[in-house]
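# Structural features, examined
Spelled out, the chains give:
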Amino acid sequence: MPKLEISVFISGRGSNLKAILEHQTNYVVSSVFSNKENAHGLNYAKEYNIPYHIFDRINFPDLKSAKSAMLDKVCELNPDLIVLAGFMQIIDPKMIEKFPRRIINIHPSLLPDYPGLDTHQRVLADKKTTHGCTVHLVDNGLDTGDTIAQAQIDITGITSPELVAQKLLPIEHKIYPWVINGIADHSIKLNPTVTKLREFSYEA
Ligand code: GRF
(Lines give C-alpha, C1' and ligand atoms only; values in the text may rest on other atoms or scores of the structure.)
Protein backbone atom coordinates (compact mmCIF):
# COMPACT_ATOMS: atom_id res chain seq x y z
CA MET A 1 0.00 0.00 0.00
CA PRO A 2 1.53 3.37 -0.95
CA LYS A 3 2.07 5.54 2.10
CA LEU A 4 -0.05 8.60 2.70
CA GLU A 5 2.05 11.69 1.99
CA ILE A 6 1.47 14.45 4.49
CA SER A 7 2.61 18.06 4.85
CA VAL A 8 2.84 19.30 8.43
CA PHE A 9 2.29 23.01 9.13
CA ILE A 10 3.87 24.54 12.24
CA SER A 11 4.55 27.94 13.80
CA GLY A 12 6.60 27.22 16.91
CA ARG A 13 7.75 24.53 19.31
CA GLY A 14 6.82 21.60 17.07
CA SER A 15 6.35 18.89 19.70
CA ASN A 16 3.41 17.44 17.75
CA LEU A 17 5.53 17.44 14.58
CA LYS A 18 8.19 15.48 16.49
CA ALA A 19 5.61 12.89 17.59
CA ILE A 20 4.23 12.67 14.03
CA LEU A 21 7.76 12.09 12.69
CA GLU A 22 8.39 9.37 15.27
CA HIS A 23 5.25 7.39 14.32
CA GLN A 24 5.37 7.24 10.52
CA THR A 25 3.88 3.77 10.06
CA ASN A 26 1.33 4.14 7.26
CA TYR A 27 2.21 7.71 6.32
CA VAL A 28 5.29 9.68 5.43
CA VAL A 29 5.99 13.33 6.23
CA SER A 30 6.98 14.64 2.81
CA SER A 31 7.27 18.33 3.71
CA VAL A 32 7.05 20.79 6.58
CA PHE A 33 5.69 24.33 6.26
CA SER A 34 6.23 27.15 8.72
CA ASN A 35 4.96 30.72 8.83
CA LYS A 36 7.77 31.61 11.25
CA GLU A 37 11.38 31.42 10.14
CA ASN A 38 12.60 30.85 13.70
CA ALA A 39 10.09 28.11 14.60
CA HIS A 40 11.86 25.62 16.86
CA GLY A 41 10.04 22.73 15.17
CA LEU A 42 12.03 23.30 11.98
CA ASN A 43 14.90 21.56 13.78
CA TYR A 44 12.92 18.31 13.65
CA ALA A 45 12.45 18.69 9.89
CA LYS A 46 16.22 19.15 9.57
CA GLU A 47 16.94 16.18 11.83
CA TYR A 48 14.75 13.92 9.67
CA ASN A 49 15.94 15.45 6.37
CA ILE A 50 12.44 16.54 5.45
CA PRO A 51 12.20 19.42 2.96
CA TYR A 52 10.82 22.49 4.73
CA HIS A 53 9.34 25.71 3.38
CA ILE A 54 9.16 28.99 5.27
CA PHE A 55 6.61 31.66 4.43
CA ASP A 56 7.21 34.28 7.10
CA ARG A 57 5.46 37.57 6.40
CA ILE A 58 8.65 39.43 7.32
CA ASN A 59 10.14 38.18 4.04
CA PHE A 60 7.14 39.29 1.97
CA PRO A 61 5.58 42.69 1.25
CA ASP A 62 2.53 41.69 3.30
CA LEU A 63 0.71 38.77 4.87
CA LYS A 64 -1.48 38.26 1.81
CA SER A 65 1.49 37.62 -0.47
CA ALA A 66 3.12 35.29 2.10
CA LYS A 67 -0.09 33.26 2.29
CA SER A 68 -0.46 33.22 -1.47
CA ALA A 69 3.12 31.95 -1.95
CA MET A 70 2.46 29.26 0.65
CA LEU A 71 -0.69 28.17 -1.17
CA ASP A 72 1.19 27.97 -4.49
CA LYS A 73 3.86 25.76 -2.93
CA VAL A 74 1.47 23.37 -1.23
CA CYS A 75 -0.58 23.11 -4.45
CA GLU A 76 2.61 22.29 -6.35
CA LEU A 77 3.53 19.55 -3.87
CA ASN A 78 -0.08 18.33 -3.61
CA PRO A 79 0.21 16.22 -0.43
CA ASP A 80 -2.52 13.71 0.33
CA LEU A 81 -3.20 15.40 3.66
CA ILE A 82 -2.30 18.72 5.31
CA VAL A 83 -1.72 18.38 9.05
CA LEU A 84 -1.81 21.56 11.15
CA ALA A 85 0.29 21.15 14.28
CA GLY A 86 0.42 24.36 16.30
CA PHE A 87 0.01 26.41 13.11
CA MET A 88 -1.01 29.86 14.35
CA GLN A 89 -2.32 31.42 11.17
CA ILE A 90 -5.83 31.53 9.75
CA ILE A 91 -5.93 29.12 6.83
CA ASP A 92 -6.54 30.76 3.48
CA PRO A 93 -10.08 29.81 2.34
CA LYS A 94 -8.53 29.05 -1.06
CA MET A 95 -6.44 26.31 0.57
CA ILE A 96 -9.60 24.76 2.03
CA GLU A 97 -11.18 24.92 -1.41
CA LYS A 98 -8.15 23.24 -3.03
CA PHE A 99 -7.87 20.56 -0.32
CA PRO A 100 -11.48 19.74 0.61
CA ARG A 101 -11.61 17.49 3.71
CA ARG A 102 -7.87 17.05 3.39
CA ILE A 103 -6.77 19.45 6.15
CA ILE A 104 -6.81 18.42 9.80
CA ASN A 105 -5.90 20.17 13.06
CA ILE A 106 -5.36 19.29 16.70
CA HIS A 107 -7.02 21.56 19.23
CA PRO A 108 -6.43 21.50 22.99
CA SER A 109 -10.05 21.25 24.18
CA LEU A 110 -13.05 18.99 23.83
CA LEU A 111 -14.67 20.76 20.89
CA PRO A 112 -17.22 22.22 20.44
CA ASP A 113 -16.29 23.53 23.90
CA TYR A 114 -13.53 26.14 24.04
CA PRO A 115 -12.64 26.92 20.44
CA GLY A 116 -9.92 29.55 20.01
CA LEU A 117 -6.98 30.45 22.22
CA ASP A 118 -6.09 30.01 25.92
CA THR A 119 -8.20 26.91 26.31
CA HIS A 120 -6.47 25.69 29.49
CA GLN A 121 -6.94 29.03 31.28
CA ARG A 122 -10.60 29.14 30.30
CA VAL A 123 -11.31 25.57 31.37
CA LEU A 124 -9.70 26.24 34.77
CA ALA A 125 -11.58 29.52 35.18
CA ASP A 126 -14.83 27.59 34.59
CA LYS A 127 -13.77 25.05 37.27
CA LYS A 128 -14.18 22.12 34.90
CA THR A 129 -12.83 18.74 35.93
CA THR A 130 -12.80 17.18 32.46
CA HIS A 131 -10.76 18.50 29.58
CA GLY A 132 -9.01 17.05 26.56
CA CYS A 133 -8.04 17.47 22.95
CA THR A 134 -9.75 17.07 19.59
CA VAL A 135 -8.50 16.21 16.11
CA HIS A 136 -10.84 17.77 13.59
CA LEU A 137 -11.23 18.67 9.95
CA VAL A 138 -10.49 22.27 9.08
CA ASP A 139 -13.22 24.39 7.53
CA ASN A 140 -13.59 28.15 7.26
CA GLY A 141 -14.76 28.59 10.86
CA LEU A 142 -12.71 28.81 14.04
CA ASP A 143 -12.21 25.18 15.17
CA THR A 144 -15.62 24.26 13.76
CA GLY A 145 -14.85 21.47 11.26
CA ASP A 146 -16.12 17.91 11.76
CA THR A 147 -14.53 16.19 14.73
CA ILE A 148 -12.53 13.03 14.07
CA ALA A 149 -11.26 11.93 17.48
CA GLN A 150 -11.08 13.12 21.07
CA ALA A 151 -9.18 12.12 24.20
CA GLN A 152 -10.35 13.17 27.67
CA ILE A 153 -8.31 13.88 30.76
CA ASP A 154 -9.28 14.47 34.37
CA ILE A 155 -7.99 17.83 35.57
CA THR A 156 -9.37 17.64 39.11
CA GLY A 157 -6.98 19.43 41.45
CA ILE A 158 -4.84 20.89 38.65
CA THR A 159 -4.42 24.59 39.29
CA SER A 160 -2.32 26.07 36.50
CA PRO A 161 -2.58 26.12 32.69
CA GLU A 162 1.04 24.93 32.51
CA LEU A 163 0.22 21.80 34.52
CA VAL A 164 -2.83 21.16 32.36
CA ALA A 165 -0.61 21.37 29.26
CA GLN A 166 1.92 19.06 30.92
CA LYS A 167 -0.79 16.44 31.34
CA LEU A 168 -2.49 16.93 27.97
CA LEU A 169 0.45 17.33 25.59
CA PRO A 170 1.72 13.70 25.84
CA ILE A 171 -1.81 12.60 24.91
CA GLU A 172 -1.86 14.93 21.91
CA HIS A 173 1.39 13.24 20.87
CA LYS A 174 -0.38 9.86 20.85
CA ILE A 175 -3.77 10.72 19.38
CA TYR A 176 -2.46 12.75 16.43
CA PRO A 177 -0.20 10.05 14.87
CA TRP A 178 -2.91 7.48 15.69
CA VAL A 179 -5.46 9.47 13.66
CA ILE A 180 -3.08 10.05 10.74
CA ASN A 181 -2.14 6.36 10.61
CA GLY A 182 -5.87 5.54 10.72
CA ILE A 183 -6.60 7.90 7.83
CA ALA A 184 -3.71 6.31 5.93
CA ASP A 185 -4.99 2.74 6.40
CA HIS A 186 -8.60 3.86 5.77
CA SER A 187 -9.82 2.76 9.21
CA ILE A 188 -10.64 6.44 9.75
CA LYS A 189 -12.57 7.97 6.88
CA LEU A 190 -12.85 11.67 6.12
CA ASN A 191 -15.75 11.26 3.74
CA PRO A 192 -18.64 13.55 4.83
CA THR A 193 -21.17 10.78 5.29
CA VAL A 194 -18.96 8.57 7.44
CA THR A 195 -16.81 10.90 9.53
CA LYS A 196 -17.68 10.10 13.12
CA LEU A 197 -16.19 11.06 16.44
CA ARG A 198 -13.96 8.44 18.04
CA GLU A 199 -12.89 8.28 21.63
CA PHE A 200 -9.16 7.72 21.90
CA SER A 201 -8.15 5.65 24.90
CA TYR A 202 -4.63 5.91 26.18
CA GLU A 203 -2.60 4.48 29.01
CA ALA A 204 -3.08 7.12 31.73
C1 GRF B 1 -0.71 22.14 20.90
O2 GRF B 1 -1.19 22.24 22.22
C3 GRF B 1 -1.84 22.02 19.94
O4 GRF B 1 -2.96 21.36 20.48
C5 GRF B 1 -2.20 23.44 19.65
O6 GRF B 1 -0.98 24.13 19.66
C7 GRF B 1 -0.03 23.42 20.45
C8 GRF B 1 1.15 23.18 19.57
O9 GRF B 1 2.24 22.64 20.25
N10 GRF B 1 -2.92 23.56 18.41
P11 GRF B 1 3.52 22.11 19.46
O12 GRF B 1 4.03 23.26 18.60
O13 GRF B 1 3.08 20.95 18.63
O14 GRF B 1 4.50 21.74 20.52
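Described below are features of the structure shown in this document. Within each chain, residue numbers correspond to sequence positions counted from 1 in written order. At least 70 in pLDDT is required for a residue's local features to be given in this predicted model, at least 80 for side-chain atom pairs to be given and counted, and no such filter applies to totals for whole chains, interfaces and linings, which use all residues. Each side-chain value is worked out from all heavy atoms of the structure, with water and hydrogens disregarded.

### Description of the overall build of the protein chain
Helix and strand counts for the protein chain stand at 6 helices and 8 strands. Sequence-ordered secondary structure for the protein chain, helices as α and strands as β, is β-α-β-α-β-α-β-α-β-α-β-β-α-β. In terms of overall dimensions, the protein chain is globule-like: its C-alpha atoms have a radius of gyration of 17 Å, near the 17 Å expected for 204 residues. By principal-axis analysis of the C-alpha atoms, the protein chain measures approximately 45 × 40 × 35 Å. Two residues qualify as a contact provided that any one of their heavy atoms is within 4.5 Å of a heavy atom in the partner residue. For the protein chain, long-range pairs separated by at least 24 residues make up 60% of all intrachain contacts whose partners lie at least 6 apart in sequence. Here the accessible surface of atoms and residues is derived via Shrake-Rupley with a 1.4 Å probe, and residues count as covered only by protein chains that are part of the display. A total of about 10,300 Å² of accessible surface is found on the protein chain, and carbon and sulfur atoms cover 52% of it. A gap of 1 Å separates the mean positions of the 21 positive and 23 negative side-chain charges of the protein chain. Secondary structure elements are taken from DSSP: a helix is a run of H or I of four residues or more, a strand is a run of E of two residues or more, and numbering for both begins at the N terminus. Computation of the radius of gyration draws on C-alpha atoms, with the globule rule given as 2.2 Å multiplied by the number of residues to the power 0.38. In this count, Lys and Arg are taken as positive residues and Asp and Glu as negative ones, while His and the chain termini are left out. To locate a charge, take atom NZ for lysine, CZ for arginine, CG for aspartate or CD for glutamate.

### A short note on unusual backbone geometry
Residues apart from glycine generally show negative phi values, whereas peptide bonds are mostly found in trans. Between leucine 111 and proline 112 the backbone carries a cis peptide bond, its omega angle lying at 15 degrees. You can see proline 112 is positioned in the loop between strand E5 (103-107) and helix H5 (119-125). For asparagine 78, which is not glycine, the phi dihedral falls at a positive 45 degrees. You can see asparagine 78 is positioned in the loop between helix H3 (63-77) and strand E4 (81-84). Notably, tyrosine 114 is not glycine yet its phi reads approximately 55 degrees, a positive angle. Locating tyrosine 114 in the fold gives a position in the loop between E5 and H5. For every residue, the accessible area obtained with a 1.4 Å probe (protein chains only) is divided by the maximum for its type, and the residue is called buried under 20%, exposed over 50%, and partly exposed between those limits. According to the relative accessible area criterion, tyrosine 114 is buried, its value standing at 13%.

### Re the nonpolar core
One finds Ile6, Ile104 and Ile180 to be the most contacted residues of the largest nonpolar core, which totals 44 residues. No other element matches the 9 residues that helix H6 (residues 161-184) contributes to this core. Not counting residues within four places of it along the chain, the set of residues in contact with isoleucine 6 comprises Ile20, Tyr27, Val28, Val29, Ser30, Ser31, Pro79, Leu81, Val83 and Ile180. Only buried residues count toward a nonpolar core. Its members are Ala, Val, Leu, Ile, Met, Phe, Trp, Tyr and Cys residues joined through side-chain atoms within 4.5 Å. Among the nonpolar cores identified, the runner-up in size contains 15 residues, and Phe33, Phe55, Leu71 and Met95 belong to it.

### Considering H6
Between its first and last C-alpha atoms H6 spans 33 Å; for 24 residues at 1.5 Å apiece the expected length is 34 Å, and the two agree. At leucine 168, H6 shows its maximal bend, which comes to roughly 30 degrees, and the proline proline 170 appears one to four places after that position. At the C-terminal side of H6, histidine 186 shows a positive phi close to 65 degrees. In a helix, the anticipated span is given by 1.5 Å times the number of residues less one. Fitting axes to the seven residues ending at a residue and to the seven starting there, one defines the bend at that residue as the angle between these axes.

### Focus: the pairing of E5
In terms of burial, E5 is a largely internal element, 5 of the 5 residues being buried. Residues Ile103, Asn105 and His107 line one face of E5 and the alternating positions Ile104 and Ile106 line the opposite face, and both faces are buried. Judged from the 3 bridges that link them, E4 and E5 form a sheet pairing that is parallel. Looking across to E5, one finds that valine 83 is bridged to isoleucine 104. By the convention used here, strands pair only if DSSP detects at least 2 bridges between them.

### Here's the deal with the site of the ligand
For each residue, the test is whether any non-hydrogen atom lies within 4 Å of the molecule or strand; if one does, the residue is near. Around the ligand, the neighbouring residues are Arg13, Gly14, Ser15, Asn16, Gly86, Ile106, Pro108, Leu169 and Glu172. One nitrogen or oxygen atom from the side chain of serine 15 is found 2.5 Å from an oxygen atom belonging to the ligand. In the analysis that follows, any N or O atom pair within 3.5 Å is treated as a polar contact, provided that within protein one partner can donate a hydrogen and the other can accept it, and provided that, for residues neighboring in sequence, both atoms belong to side chains. In the model, a nitrogen atom of the ligand is placed 3.0 Å from a nitrogen or oxygen of the isoleucine 106 main chain. For the shell around the ligand, the elements supplying multiple residues, two or more each, are helix H1 (15-22) and H6.

### Some details on the pattern of salt bridges
In what follows, salt bridge is the name for a side-chain nitrogen of Lys or Arg lying within 4 Å of a carboxyl oxygen of Asp or Glu. With the rule as written, the count across this model stands at 3 salt bridges. Measuring nitrogen to oxygen at the nearest pair gives 2.8 Å for the salt bridge that ties aspartate 146 to arginine 101. With aspartate 146 in the loop between strand E6 (130-137) and strand E7 (147-154) and arginine 101 in the loop between helix H4 (93-98) and E5, this pair connects stretches of sequence that are 45 residues apart. On the basis of relative accessibility, which here comes to 35%, the residue aspartate 146 falls in the partly exposed class. You can call arginine 101 partly exposed: its relative accessible area is 27%.

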